Amino acid sequence: MGTKTYPLSFATTAGPATPATHDAKPEKTTLMSSSQSLAASERRFQALADCSPFGIYYTDAQGGALYTNAAWQEMSGLDAQQTLGSGWSQVVHADDRDRVLAEWLAAASAGVDF
């Protein structure tokens, strides 16, 4: 994950935004620290999920799988790439697939547990 920098501008009630004239180093340091903390947290999650005997996954707001752990993949018989997006739905019984997908997408759209 690379370092991101963001330009800073300040608006006042007296006029339009003006470029920052102070040293932006503390803000950049904070952004880098936050980015590094997030990356470390993601590595810890991945390490824990990868050694878990339970199937673990997470999705985006639209309900598409972004990650499945090795246990989930083993239970489903799919490899990591096949489980992403809506690929996970391949393992739902054909008689139930349309209903489960509709309920899953409705829950994801509403932001509620499925």
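Described in the following lines is the structure provided in the data block.

Reading the values: rules and limits
Residues numbered from 1 in each chain as written. Predicted model: local features only at pLDDT ≥ 70, side-chain atom pairs only at ≥ 80, totals over all residues. Heavy atoms only, no water. Phe/Tyr/Trp six-rings, centres within 6.5 Å; stacked < 30°, edge-to-face > 60°. Helix = DSSP H or I, 4+ residues; strand = E, 2+ residues; numbered from the N terminus. Buried < 20%, exposed > 50% of the residue type's maximum accessible area, 1.4 Å probe, protein only. Contact = heavy atoms within 4.5 Å. Pairing = 2+ DSSP bridges. Salt bridge = Lys/Arg side-chain N within 4 Å of Asp/Glu carboxyl O.

## Considerations on the packing of aromatic side chains
Inference 1: By the definition in use, this model includes five aromatic pairs.
Inference 2: Taking 5.5 Å as the distance between ring centres and 70° as the angle between the ring planes, the aromatic pair formed by Trp-88 and Trp-104 counts as edge-to-face. Here the residue Trp-88 occupies a position in the loop between α3 (80-83) and α4 (94-110), and Trp-104 occupies one in helix α4, the gap between them amounting to 16 residues.
Inference 3: Overall, Trp-88 belongs to the buried group, its relative accessible area being 12%.

## Structural notes on the environment of Gly-64
Inference 1: Topologically, Gly-64 is positioned in the loop between β3 (57-59) and β4 (65-68).
Inference 2: The spacing of Gly-64 and Trp-104 is 40 residues in sequence and 9.7 Å in space, taken between C-alpha atoms.
Inference 3: Ignoring anything within four residues of it in the chain, the contact list for Gly-64 reads Tyr-58, Thr-59 and Gly-85.

## Side note on the pairing of β4
A regular strand carries its side chains on alternate faces of the sheet.
Inference 1: Where β3 meets β4, three bridges bridge the pair, whose relative direction is antiparallel. By the bridge assignment for β4, Tyr-57 is matched with Thr-68.

## Focus: the pattern of salt bridges
Inference 1: Considering all chains together, one arrives at two salt bridges under this definition.
Inference 2: The partner of Asp-96 in a salt bridge is Arg-99, with the nearest N and O atoms 3.8 Å apart. Within this pair, Asp-96 and its partner Arg-99 are both found in helix α4, separated by three residues, close to a single helical turn.
Inference 3: Of the residues examined, Asp-96 reaches a relative accessible area of 31% and is grouped as partly exposed.
Inference 4: Notably, a salt bridge pairs Arg-99 with Glu-103, separated by 3.4 Å at the nearest N-O pair. Here the residue Arg-99 and the residue Glu-103 both occupy positions in helix α4, the gap between them amounting to four residues, near one helical turn.
Inference 5: When its relative accessible area of 45% is taken as the criterion, Arg-99 is described as partly exposed.
Inference 6: A relative accessible area of 38% means that Glu-103 is categorised as partly exposed.
Inference 7: Several salt bridges share partner residues, and in doing so they unite Asp-96, Arg-99 and Glu-103 into one network.

These figures capture arrangement, not role.
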